[in-house]
Structures are given as structure tokens and as C-alpha cells.
Amino acid sequence: MPLKLIRNDITRVECDAIVNAANHTLLGGGGVDGAIHRAAGKKLLEECRTLNGCDTGEAKITKGYDLPCRYVIHTVGPIYTDGKHGEEQLLRNCYRNSLKLGLEHQCESMAFPLISAGAYGYPRTEALRIATDEITSFLSDHDMMVYLVIFDQKAFQISSHLYSDIQEYIDQNYAETHSDSISERRRRRNYAKEFISGSFFGRKKTEEKEWEENEAVFPPPLYSSESVESLEERLKVIDESFSEMLLRKIDESGMKDSECYKKANIDRKLFSKIRSNPSYKPSKPTVLAFAIALELPLPETEEMLMKAGFALSPSSKADIIVEYFIKNGNYDIFDINDALFAFDQPTLGV
Ligand code: APR
């Protein structure tokens with residue numbers, strides 16, 4: 001099941017367990033620690049007093065009391081000095097030990113703050129990468145809904161280089177209002193040509209095909225020869241539904257179903273619905289999540305979207321950001337979601 005980035009106060013998140021970025025004493029403090037103790041009420045402190053503190057990287061569990069969760073899992077993050085004193089491993093241990101405790105207490109959903117990224121001074125981009133890394137590797141073997149709760153936008157940073165690169169791409173390609181203007185037609189034609197010429201993905205060069213001057217749409221979807229053998233096969237493919245195309249692409253990719261839906265950050269229940277219903281109507285973020293998991297080039301991403309009744313739009317920042325990652329060959333859905341979140345856009349998957 002998926003990892004979801006949300007902007008909220010963790011004390012308001014309804015789930016089985018929320019994680020507290022505590023200190024060694026477990027007797028409360030500032031930041032998220034203070035907020036959790038205030039919202040839980042004094043009984044939380046009374047139970048914490050019985051725990052005899054907690055070492056850095058370790059985790060201990062209490063009840064949730066007045067919070068909208070069954071448990072609070074208290075973990076102590078490392079104080080960041082220079083990254084050369086084992087801080088990364090200790091921070092990883094915080095996530096691992098907290099998730100392990102949640103699993104042992106049959107939690108089906110958990111919420112984490114960005115541990116150590118506040119008073120303990122861990123560089124936020126690094127803290128986010130470690131959190132995402134540890135949670136997603138846990139989720140590759142376990143079914144759990146995990147929220148990474150970002151309290152304030154400034155506490156959330158992707159690398160400034162990536163941010164400015166994406167911003168530049170948006171500036172070049174974002175159309176305030178959706179009009180298939182001359183520049184949009186030219187943009188579509190250019191990357192169609194790039195795609196044909198192979199400059200997009202290092203594909204083998206095919207014969208250059210001149211696009212008519214008034215060609216305003218994406219190139220007809222290119223079916224790689226190994227996937228569609230003959231005319232009737234091709235006709236079948238054109239008539240296939242979204243879920244039929246999805247299942248065909250999963251087969252062609254050689255991935256197991258579970259590998260694909262986890263890579264798409266989609267939960268098992270949703271995938272089963274899609275699998276069992278050939279005419280299932282997915283949301284656009286779900287279609288894009290699968291296109292990313294399958295590492296589809298833009299024309300095939302467009303094809304999959306079209307089968308679900310959608311299209312990439314130049315007046316959607318989220319679409320432009322997804323297009324940026326596909327064009328740059330980065331199909332890591334968690335990188336894409338971090339960028340979407342940083343630009344205040346809906347994330348993919350779930
Ligand atoms: N909900 C979600 N996240 C929050 C909240 C909240 N209510 N309040 C703060 N945060 C975020 C901060 O923006 C930061 O990104 O939690 C992250 C961790 O910040 P801290 O709470 O300062 O925790 P940490 O950096 O691990 O320092 C722990 O601070 O509060 C004391 O007792 C605590 O000594 C311990 C130290």
C-alpha cells in the first residue's frame with residue numbers, strides 16, 4: 001500500500017499510530033513533541049514516565065489518549081552535526097524501529113513527521129530522502145498506509161537545483177488557459193519528432209517522418225513491434241480498455257502485478273478492482289501512476305490516459321511536472337510526488 005505526503009498537523013491525523021519526534025527523556029518538549037503531548041493530554045506524560053526514556057534511533061509505544069489514533073510511537077532522532085557521526089543510520093533506525101513497532105501492534109495506518117528535520121537540524125532534503133527510502137522499502141514487503149506529514153511548506157524542500165529546473169520547464173510549457181495555440185502545436189510536434197528520432201530516450205533511430213504543418217496532435221501512438229504483431233492484433237489493441245492495456249503492459253514488462261502496483265504507489269485493493277473490471281474508470285493520478293511504474297514514454301502515457309478519458313494538459317502544472325520527469329527518464333514516483341508536493345500539486349498513486 002502507498003506512502004502519501006500530506007500537509008497537516010500530525011495531531012489531527014486519524015490513523016492507527018502517529019510517530020512522535022521525541023527526546024531521550026520522553027517527557028515532552030517543543031515542536032511535534034510538544035504538540036502531541038498537548039493534544040493527547042496529561043495521561044500520555046504519565047505513561048511516558050514509566051518508559052525510562054529512549055535511546056537515539058530506538059522507539060517506544062504508548063496509547064494515543066485524546067489523540068485521534070490508537071497509539072503514539074515515540075522515537076528519538078539524531079541531532080545533526082556534520083553527517084559524519086552516524087546520523088544517517090540512526091535516523092534510518094528511527095523509521096525502521098517505529099514501523100516494526102507499528103506492525104507488531106497490527107497497525108494498518110501510520111503517520112510520521114519529518115524526524116530530526118526541526119530542532120535537531122537534519123538537512124530537510126536529506127531527511128525527506130531517508131524517510132521516503134525507509135518507508136518505501138518497508139512497504140515493498142508489507143501492506144500499510146503510511147502518511148508523511150509535512151507541517152509547513154517551508155519545512156518541505158526538494159533540491160533547489162531540481163526545483164528551479166522544474167520551474168523553468170513549467171514556465172516554458174505551462175499555458176495559463178488551455179488553448180491549442182500555435183506554440184502548443186509546435187511543442188507537441190517537436191517532442192513527437194524527438195520521440196521518432198529517438199532523441200528522447202536513446203531509442204534506435206527510425207526513419208524520420210515529416211509531420212504535416214497542421215499536425216496538432218500527439219503522434220499516433222507507437223506500438224513497439226514486439227508488442228503488436230498483425231493488423232487484427234493492432235485493431236484489438238486500439239479497442240482495448242484502460243485496464244486491458246494496463247494488464248497487457250504489465251505482462252510485456254515482465255513485472256509481477258504486485259511489483260507494478262507497489263511501484264505505482266497504488267494499494268492492493270484498488271489494483272484488484274481494476275484487474276477484475278475491464279471497464280473500470282480510474283482517476284487521472286492513478287493512470288499516470290501506472291504509466292510511471294511501467295516507464296511508458298510520453299506517447300504511450302497519452303494512449304493510456306486516452307483510454308481512461310484523459311489527456312495531458314498544458315494548463316495543468318501537475319501534468320507539466322509529470323511530463324518533465326518522463327522526458328528526463330526519471331520514473332521514480334516518490335521523486336515525482338515530492339516535486340508535485342513542493343509545487344502544491346496533487347500527488348500520484350494511492
Ligand atoms: N505536525 C507535524 N509536523 C510537525 C508539527 C506538527 N504539529 N510540528 C512540527 N512539525 C515538524 C517540523 O516542521 C519538522 O519538520 O516536525 C519536524 C520535526 O521537528 P521537531 O519537532 O523540532 O523534531 P526534531 O527535529 O526531531 O527535534 C526533536 O525537539 O521538540 C523537541 O522534544 C523534542 O528535543 C526534541 C527535539
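Our structure's up above, just so we're on the same page.
Considerations on the packing of aromatic side chains
Then, number 1: Evaluated as defined, the whole model comprises 7 aromatic pairs.
Then, number 2: Taking 5.1 Å as the distance between ring centres and 40° as the angle between the ring planes, the aromatic pair formed by tyrosine 95 and phenylalanine 112 counts as tilted. Taken as a pair, tyrosine 95 in helix H3 (residues 87-104) and phenylalanine 112 in strand E5 (residues 109-112) lie far apart in primary sequence, 17 residues in all.
Then, number 3: With a relative accessible area of 0%, tyrosine 95 lands in the buried category.
Then, number 4: What links up through ring pairs into an aromatic cluster is the set Tyr169, Tyr324 and Phe325.
Then, number 5: Above the ring of phenylalanine 341, the side-chain terminus of arginine 7 is found at 4.6 Å from the ring centroid.
Then, number 6: The residue whose ring lies beneath lysine 317 is tyrosine 174, and the NZ or CZ to ring-centre distance is 5.4 Å.

Examining the side chain of serine 98
Then, number 1: Assignment of secondary structure puts serine 98 in helix H3.
Then, number 2: Dropping the residues within four chain positions of it, serine 98 is found in contact with Val19, Ala59, Ile73, Thr75, Asn93, Met110 and Phe112.

A few points about the packing of helix H13 (residues 317-327) against helix H14 (residues 333-342)
Then, number 1: One can describe the packing of H13 onto H14 by two numbers: an axis separation of 10 Å at closest approach and a directional angle of 145°. The element H13 and its partner H14 pack so that their crossing is right-handed. Residue-level inspection shows Ala318, Ile321, Val322 and Phe325 of H13 in contact with H14, the latter providing Asp335, Ile336, Ala339 and Leu340.
Then, number 2: Looking at the contact of H13 with H14 residue by residue, the classes come out as 7 nonpolar, no polar and 1 charged.

Considering the site of the ligand
Then, number 1: Within the structure, the ligand sits among 20 residues, and Gly30, Val32, Asp33, Gly118 and Ala119 are positioned closest to it.
Then, number 2: Contacts to the ligand include aspartate 9, whose side-chain N or O atom sits 3.0 Å from a nitrogen atom.
Then, number 3: Take glycine 30: an N or O atom from its main chain is 2.6 Å from an oxygen atom of the ligand.
Then, number 4: For the shell around the ligand, the elements supplying multiple residues, two or more each, are strand E2 (15-22) and helix H1 (31-40).
Then, number 5: Ranked by the residues each element gives to the shell around the ligand, the list is headed by H1, at 4 residues.
Then, number 6: Residues that form the shell around the ligand fall into these classes: 12 nonpolar, 6 polar and 2 charged.

What about H3?
Then, number 1: Along its 18 residues, H3 runs 26 Å from first to last C-alpha, staying within 8% of the 26 Å computed at 1.5 Å per residue.
Then, number 2: Every buried residue belonging to H3 is among Glu87, Leu91, Arg92, Cys94, Tyr95, Ser98, Leu99, Leu101 and Gly102, and all of these are buried.
Then, number 3: On its buried face, H3 is in contact with E2, strand E3 (59-63), strand E4 (69-76), E5, helix H4 (124-139) and strand E6 (145-150).
Then, number 4: Within two residues after H3, glutamine 106 carries a phi angle of roughly 55°, on the positive side.

What about H14?
Then, number 1: Burial analysis of H14 places 9 of its 10 residues in the buried class, which makes it a mostly covered element.
Then, number 2: Turning to H14, its buried residues are Ile333, Phe334, Ile336, Asn337, Asp338, Ala339, Leu340, Phe341 and Ala342.
Then, number 3: Measuring from the backbone nitrogen of phenylalanine 334 back to the side-chain oxygen at the start of H14 gives 2.7 Å, which picks out aspartate 332 as the cap.
Then, number 4: Just downstream of H14 lies aspartate 344, where phi reads positive at about 60°.

Regarding the environment of leucine 288
Then, number 1: For leucine 288, the position within the fold is in helix H11 (residues 284-293).
Then, number 2: In this structure leucine 288 comes out as buried when scored by relative accessible area, which is 3%.
Then, number 3: As for leucine 288 and methionine 304, which are separated by 16 residues in sequence, their C-alpha atoms are 8.4 Å apart.

So, how was this worked out
- Residues numbered from 1 in each chain as written.
- Predicted model: local features only at pLDDT ≥ 70, side-chain atom pairs only at ≥ 80, totals over all residues.
- Heavy atoms only, no water.
- Phe/Tyr/Trp six-rings, centres within 6.5 Å; stacked < 30°, edge-to-face > 60°.
- Helix = DSSP H or I, 4+ residues; strand = E, 2+ residues; numbered from the N terminus.
- Buried < 20%, exposed > 50% of the residue type's maximum accessible area, 1.4 Å probe, protein only.
- Lys NZ or Arg CZ within 6 Å of the ring centre and 35° of its normal.
- Contact = heavy atoms within 4.5 Å.
- Axes fitted to C-alpha atoms, helices over the stretch in contact; angles between N-to-C directions.
- Left-handed = near helix turned anticlockwise from the far one by under 90°.
- Nonpolar A, V, L, I, M, F, W, Y, C, P; charged D, E, K, R; others polar.
- Near = heavy atom within 4 Å.
- Polar contact = N/O pair within 3.5 Å; in protein donor to acceptor, adjacent residues only side chain to side chain.
- Expected span 1.5 Å × (residues − 1).

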